[in-house]
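# Breakdown of the fold
Residue-level listing of the chains:
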Amino acid sequence: MLREIRPAIVLLLVLTAITGLAYPLAMTAIAGAIFPAQAQGSLIEKDGKVVGSALIGQEFKDDTYFHGRPSATVAPDPNDSTKTVPAPYNAANSGGSNLGPTSKALADRLKEDVDKLKGENPNAAVPVDLVTTSASGLDPDISPDAAQFQVPRIAKARNVPEDQVKQLVASNIQGRLLGLIGEPRVNVLALNLALDRATK
């Protein structure tokens, strides 16, 4: 009996060491050597201090900043552990809301968000990514249209010409990967940091 079990135990230990230890360590070392910034989380610094990651969105509420996509992530309610409360861009609980097209709660939130945005810029159509959440709830990017939509509010709040803010948006647009994959986008945190540098 021991003769049959021993090879299985040895194989289990060898494969565990290879796939659970050696392979992940090798991939981490290779990634760190080839893509050091990305392997460390694509961190963004300001004045030598980490202020976020290029891969995870942040909530900006102030009128002087560009706002990202809504986030549907939640966290446990501190007052009742059986419930959850909204916790935008909570990377520990990534996920969408799971509300479908027939959901009254979703329809009400969308209507409220669209009405608020139309109040900010009544002459433009509201870009869909400013009112819909992403599947992860952590999307750090918005479309160039969504950034341009917010220009009048930001220019007014910062008391700067709209053209200056429009040029800033244009200079922060990232194109498709290899010219083919994905859509043009603007990283909200990077854009807001550039905005601070350009208008202070």
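Now for a description of the structure that goes with this document. What you see is a predicted model, and the numbers here were worked out from it, not measured in a lab. (Residues numbered from 1 in each chain as written. Predicted model: local features only at pLDDT ≥ 70, side-chain atom pairs only at ≥ 80, totals over all residues. Heavy atoms only, no water.)

### Quick word on the sheet that holds strand β6 (residues 173-174)
Pairing between the strands of a sheet is mediated by backbone hydrogen bonds and can be parallel or antiparallel. The line we're drawing: Strands are treated as partners if at least two bridges between them are detected by DSSP. Going along the chain from the N terminus, every DSSP run of H or I of four or more residues is numbered as a helix, and every run of E of two or more is numbered as a strand. Contacts between residues were defined by any pair of non-hydrogen atoms, one from each residue, lying within 4.5 Å. Axis geometry follows a simple rule: fit a line to the C-alpha atoms, using only the stretch in contact for helices, then measure angles between N-to-C directions, giving values from 0 to 180 degrees.
Taken in spatial order, the three strands make up an open sheet running β5-β7-β6, and their pairing is antiparallel. Looking at which strands have only one partner, the edges of the open sheet turn out to be β5 (141-142) and β6. Packing against the sheet, helix α7 (residues 188-199) makes contact with β5 and β7 (185-187), and its axis sits at approximately 65° to β7.

### Re the nonpolar core
Our working rule: Here the nonpolar core consists of buried residues drawn from Ala, Val, Leu, Ile, Met, Phe, Trp, Tyr and Cys, with membership extended through side-chain atoms lying within 4.5 Å. Accessible area is worked out with a 1.4 Å probe on protein chains only. A residue is then buried under 20% of its type maximum, exposed over 50%, and partly exposed in between.
By size, the foremost hydrophobic cluster in this structure holds 26 residues, and its most contacted members are Phe 66, Leu 117, Ile 142, Ala 147, Val 165, Val 169 and Leu 191. Counting residues per element, the ones that place at least two in this core are α4 (144-149), α5 (151-158), α6 (162-171) and α7. A per-element tally of this core places α7 first, with six residues.

### Details of helix α3 (residues 104-120)
To be explicit about the condition: Any helix carries an expected span of 1.5 Å times its number of residues minus one. The arc refers to the directions leading from the helix axis to the C-beta atoms. Any pair of nitrogen or oxygen atoms within 3.5 Å is treated as a polar contact; in protein, a donor-acceptor pairing is required on top of that, and neighbouring residues in sequence qualify only through side-chain atoms on both sides.
Here α3 contains 17 residues, and its C-alpha end-to-end distance of 25 Å stays within 8% of the 24 Å for a straight helix at 1.5 Å per residue. Among all positions in α3, only Leu 106, Asp 113 and Leu 117 are buried. All buried residues of α3 project into a common sector of 40° when viewed along the axis, lining one side. Among the exposed residues of α3, those pointing more than 90 degrees away from its buried face are Lys 104, Lys 111, Glu 112 and Gly 119. Its side-chain oxygen 3.4 Å from the backbone nitrogen of Ala 105, Ser 103 forms the N-cap of α3.

### Some words on the packing of α5 against α6
A pair of packed helices is captured by two measures, namely the crossing angle of their axes and the spacing between those axes. As a reminder of what qualifies: Each angle receives one of four descriptions, namely roughly parallel if under 35 degrees, roughly antiparallel if over 145, roughly perpendicular if within 65 to 115, and oblique otherwise. Less than a right angle of anticlockwise turn of the near helix away from the far helix marks a crossing as left-handed, whereas a clockwise turn marks it as right-handed.
Where α5 meets α6, the closest approach of the two axes is 9 Å, and the angle between their N-to-C directions is 125°. Our classification of the angle between α5 and α6 gives oblique. Of the two elements, α5 crosses α6, and the hand of that crossing is right-handed. For the pair α5 and α6, contact is made by Val 151, Pro 152, Ile 154 and Ala 155 and by Glu 162, Val 165, Lys 166 and Val 169, respectively.

### Focus on the packing of aromatic side chains
Note the following rule: Aromatic rings from Phe, Tyr and Trp, with only the six-membered ring used for Trp, were paired whenever their centres fell within 6.5 Å, and each pair was classed as stacked if the ring planes differed by under 30 degrees, edge-to-face if by over 60, and tilted otherwise. For a lysine, the NZ atom is tested; for an arginine, the CZ atom; a charge sits over a ring if that atom is within 6 Å of the ring centre and within 35 degrees of the ring normal.
Under the counting rule described, the total for this entry stands at one aromatic pair. When the centroid spacing of 5.7 Å and the interplanar angle of 40° are considered together, the rings of Phe 60 and Tyr 65 count as tilted. Both residues of the pair, Phe 60 and Tyr 65, belong to the buried class. Across from the ring centre of Tyr 65, 4.9 Å away, lies the NZ or CZ of Arg 158, which sits over that ring.

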